[in-house]
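Observations on the model geometry
Next come the chains, spelled out residue by residue.
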Amino acid sequence: MLTNSYDTQELRALDAAHHLHPFTDTKQLNEMGVRIITRAEGVYIHDSEGKSYIDGMAGLWCMNVGYGRREIVDAVARQMMELPFYNTFFNTTHPPAARLSAKLAEVTPGTLNHVFFSSGGSDANDTNIRLVRHYWHSMGKPSKKTIIARKNAYHGSTVGAASLGGMTYMHEQGDLPIPHITHISQPFWYREGGDMAPEAFGLARARELETEILRLGAENVAAFIGEPVQGAGGVIIPPATYWPEIERICRKYDILLIADEVICGFGRTGNWFGHQTFGFSPDIITVAKGMSSGYLPIGASIINDRVAEGLIEKGGDFNHGYTYSAHPAAAVAALENLRILQEEKIVERAAQETGPYLQERWKALGDHPIVGEARICGMMGALELTPDKKARSRFKAPIYTYSLACRTASINAGLFMRAVNDSMIISPPLVITKAEIDLLIDRATIALDAAHKAARDAGEMD
Ligand code: PXG
């Protein structure tokens, strides 16, 4: 039986004594007291004190089909009775692994037809590092090893994935990046574009890739990796000129192009995949999150025919794999999630009906006095907070001062919205309705008003 009467104090004490949280100052958290989420349905999450919130972040960018999908739970339960686990290493497969790889080949565009499974995005990106190096080695070009990534990118937290990422505060912990990974600048027009037009800025940032390839020597470069829209970095939507130019440069120098679709994949940007929204064709994509809507952990590297052919024909053993690669229960959760996405036309409805409505209402928040830019792509949006819209300037107070005030007010108003530097971000479940979007916008407005008041009281702005 489900119960929602939990002893908050007891759970808090257990958590404080024993649970180390990701990306968290545990001492600070323990002083504050952790929030305990106990159940959820649709787009709503509920805490142990009986408060409910719109989940503006879809869990952690993953709950695309919404909470409480009985079909997924039933499919997983059936699978767990039939075959809860078997590996895919020693000349074996199982029905969910075979079916899910075929389904992924079907829903991905072009020749992205070959799937290597992981348990999430970080380990899939680690697979990518080893896979592209092994590919070039097999093709007789062992010096093609370096992977070019971007500053302020997020590709995960394992040693390899965090090295691909461009978060300096992650690199500082544990001597990262590992060798043969370099970073170029991000296409973040609002904070870094200065007086340039966004289109020209997008081209300039893409051309940094060419400069970097020439600096390293194309014969030493294996791949470029980027998120179609940077998520954790703050929903950074590149100018339309950016990705086609990146693709042109990769082709010119025979560099593999990896799109990290962990957030953008499965409908987030208005198409099934982010690279479709931005008009380019990667050789490899990383997927996780929305692939199972977070019901169970699963991810994958999906590679195109060209790379697969080299790998399969020339590569021999690929000495790589995870115990839980294609875990049967997780694979069934993903299959059922993909069936729901397809049959309920969730991606198409979010693209054509609810997405445009969210976009219109989100962009209107750009008129709020403290918002310098309201940007949104599909169903992932950001608001840049600024004391001066024209100058796009920063607050005098340290970064996060007003965004955290905004986040606190948002949670108090019943909306989970994230703060990244001095921006606020959302990425709601794709099944959010227009009425729920209205509520989300009302609550976000209350939060912005609170941040504005705090900035005014501090004498930062009018
Ligand atoms: N690539 C991208 C683009 C991601 O967003 C990963 C890889 C790693 O996936 P796993 O499943 O290993 O976590 C991610 C994960 C945030 C935040 O603060 C974002 C992620 C994870 C945790 C926090 O927005 N994205």
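Residues numbered from 1 in each chain as written. Predicted model: local features only at pLDDT ≥ 70, side-chain atom pairs only at ≥ 80, totals over all residues. Heavy atoms only, no water.

1. What about the site of the ligand?
By nearness alone, 16 residues border the ligand, and W61, G121, S122, D260 and R418 come closest of all. At a separation of 2.8 Å, an oxygen atom of the ligand approaches a polar side-chain atom of W61. Between the ligand and G121, the relevant distance is 2.9 Å, taken from an oxygen atom to a main-chain nitrogen or oxygen of the residue. Considering the ligand on its own, with 540 Å² of exposed area, one finds that the protein chains cover 82% of that surface. Residue assignment for the shell around the ligand shows that the elements contributing at least two residues are helix 3 (58–61) and helix 6 (121–138). Looking at side-chain class alone, the shell around the ligand contains six nonpolar, six polar and four charged residues. Two domains share the shell around the ligand, each providing at least three of its residues, namely domain 1 (35–65 + 345–457) and domain 2 (71–343). (Near = heavy atom within 4 Å. Polar contact = N/O pair within 3.5 Å; in protein donor to acceptor, adjacent residues only side chain to side chain. Areas by Shrake-Rupley, 256 points an atom, 1.4 Å probe, with all protein chains shown as cover. Helix = DSSP H or I, 4+ residues; strand = E, 2+ residues; numbered from the N terminus. Nonpolar A, V, L, I, M, F, W, Y, C, P; charged D, E, K, R; others polar. Domains from an automatic or database assignment.)

2. So, the pairing of strand 6 (residues 181–184)
Burial along strand 6 is two-sided: I181 and H183 and T182 and I184, pointing in opposite directions, are all buried. Strand direction decides the pairing type here: strand 5 (residues 146–150) and strand 6, joined by four bridges, are parallel. Residue pairing across strands places R150 opposite I184, the latter belonging to strand 6. (Buried < 20%, exposed > 50% of the residue type's maximum accessible area, 1.4 Å probe, protein only. Pairing = 2+ DSSP bridges.)

3. Looking at the domain arrangement of the protein
The domain boundaries assigned to the protein delineate domain 1 (35–65 + 345–457) and domain 2 (71–343). Its C-alpha centre places domain 1 at a distance of 27 Å from the equivalent point of domain 2. Each partner contributes to the interface: domain 1 provides 35 residues, whereas domain 2 provides 38 residues. Together, the buried faces of domain 1 and domain 2 total about 2,900 Å²; carbon and sulfur atoms form 57% of this surface. On the domain 1 side of the interface with domain 2, the three residues burying the most area are W61, M380 and R392, jointly 25% of the side's total. Connecting domain 1 to domain 2 are one salt bridge. (Contact = heavy atoms within 4.5 Å. Buried area = accessible area lost by both parts, 1.4 Å probe. Salt bridge = Lys/Arg side-chain N within 4 Å of Asp/Glu carboxyl O.)

4. Topic: the side chain of T182
Mapped onto the secondary structure, T182 falls in strand 6. Owing to a relative accessible area of 16%, T182 belongs among the buried residues under this scheme.

5. Examining the environment of D317
Tracing the sequence through the fold places D317 in the loop between helix 13 (305–314) and helix 14 (328–343). Along the backbone, D317 and K27 are 290 residues apart, and their C-alpha atoms lie at a distance of 46 Å.

6. Things to note about helix 5 (residues 95–107)
Under the 1.5 Å per step criterion, the end-to-end length of helix 5 is 18 Å for 13 residues, consistent within 8% with the ideal 18 Å. Every buried residue of helix 5 is listed here: P96, A97, L100, K103, L104, A105 and V107. Its buried side turned inward, helix 5 meets helix 4 (70–82), strand 4 (112–118), strand 10 (299–304) and helix 14. (Expected span 1.5 Å × (residues − 1).)

7. Observations concerning the pattern of salt bridges
Two side chains that carry opposite charge are able to pair once their charged atoms sit near each other. Scanning the model with the defined rule gives 22 salt bridges in all. A salt bridge links D283 to R251, with the nearest nitrogen and oxygen atoms 3.0 Å apart. In this pair, D283 sits in the loop between helix 12 (274–277) and strand 9 (284–287) while R251 sits in helix 11 (residues 242–253), placing the two residues 32 residues apart along the sequence. Residue E384 is joined to R375 by a salt bridge in which the shortest nitrogen-to-oxygen separation is 2.8 Å. Across the pair, R375 and E384 agree in class, each one buried. Put simply, K141, R251, D254, D283 and R306 are held in one network by salt bridges that share partners.

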